[in-house]
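Next come the chains, spelled out residue by residue.
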Amino acid sequence: MRKLKVYLDTSVISHLLQEDVPEKMADTSGKRGMIMIAKPVISPDFTIEDIHKIREYHYELTKNMTKQEKINFYNEGGRAFLKEMEERKLQKM
C-alpha cells in the first residue's frame, strides 16, 4: 500500500520568503506582531504527537489575530489545499 505524504503549510509564513511574489512578502511582513515560528517536524508515520505539534504551531500563528484575520487565514489555506487536491486528481487521469 502506498503511503501518502501530508504537507502542511501556512500561506502567511511562506509568503514571508516568497521572493517571486513581492507584494505578498510586503503584505505579510507588515502583519502586526508577526513572529517567525519554526514549522514543526513531522514524522514519516504521522503520529498523534505530530497532530499536537501542528495544533500548537497553528495556535501560535493565530493567537493574536482578529476573528476576520483567522477566517481569512484558514480560508486561504483551505483554498490552497483544494487546489492541490484538484491538481493531483487531474494528474492521475
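Source: prediction; values computed, not measured.

A.B. asks: How do you make sense of the packing of helix 3 (residues 48–62) against helix 4 (residues 67–92) when you look at a structure like this?
C.D. replies: Relative orientation and spacing of two packed helices are given, respectively, by the angle between their axes and the distance between those axes. Their axes nearest at 11 Å, the elements helix 3 and helix 4 cross at an angle of 135 degrees. Classified by the angle between their axes, helix 3 and helix 4 sit oblique to one another. Where helix 3 abuts helix 4, its residues His 58, Leu 61 and Thr 62 lie against Lys 70, Phe 73 and Tyr 74. Across the contact of helix 3 with helix 4, the residue classes tally to 3 nonpolar, 2 polar and 1 charged.

A.B. asks: Please clarify how helix 3 should be interpreted in this entry.
C.D. replies: Every α-helix carries 3.6 residues per turn, so stepping three or four residues along brings you back to the same face. The end-to-end C-alpha distance of helix 3 is 21 Å, a good match for the 21 Å that 15 residues give at a rise of 1.5 Å each. The set of residues buried in helix 3 consists of Asp 50, Ile 54, Tyr 57, His 58, Leu 61 and Thr 62. On an axial view of helix 3, the arc spanned by its buried residues comes to 120 degrees, and they lie on one face. Residues Ile 48, Arg 55, Glu 56 and Tyr 59 are exposed on helix 3 and point more than 90 degrees away from its buried face.

A.B. asks: What's the story with the packing of aromatic side chains in this structure? I'm lost.
C.D. replies: Aromatic ring pairs are reported here in terms of the distance separating the ring centres and the angle at which the planes meet. Per the counting criterion, the structure on display carries 1 aromatic pair. Consider the rings of Phe 73 and Tyr 74, whose centres lie 4.8 Å apart with planes at 80 degrees: the pair is edge-to-face. With a relative accessible area of 42%, Tyr 74 lands in the partly exposed category.

A.B. asks: What's the story with a nonpolar patch on the surface in this structure? I'm lost.
C.D. replies: Together, Phe 46, Ile 48 and Ile 51 give the surface a local cluster of nonpolar side chains, amounting to about 260 Å² of exposed area. Relative to the elements of secondary structure, Phe 46 occurs in the loop between helix 2 (22–29) and helix 3.

Rules used throughout
Residues numbered from 1 in each chain as written. Predicted model: local features only at pLDDT ≥ 70, side-chain atom pairs only at ≥ 80, totals over all residues. Heavy atoms only, no water. Axes fitted to C-alpha atoms, helices over the stretch in contact; angles between N-to-C directions. Helix = DSSP H or I, 4+ residues; strand = E, 2+ residues; numbered from the N terminus. Parallel < 35°, antiparallel > 145°, perpendicular 65-115°, else oblique. Contact = heavy atoms within 4.5 Å. Nonpolar A, V, L, I, M, F, W, Y, C, P; charged D, E, K, R; others polar. Expected span 1.5 Å × (residues − 1). Buried < 20%, exposed > 50% of the residue type's maximum accessible area, 1.4 Å probe, protein only. Arc of directions from axis to C-beta. Phe/Tyr/Trp six-rings, centres within 6.5 Å; stacked < 30°, edge-to-face > 60°. Patch = residues over 30% accessible without salt bridge, like charges linked within 9 Å, V, L, I, M, F, W, Y side chains within 5 Å. Areas by Shrake-Rupley, 256 points an atom, 1.4 Å probe, with all protein chains shown as cover. Salt bridge = Lys/Arg side-chain N within 4 Å of Asp/Glu carboxyl O.

These figures capture arrangement, not role.
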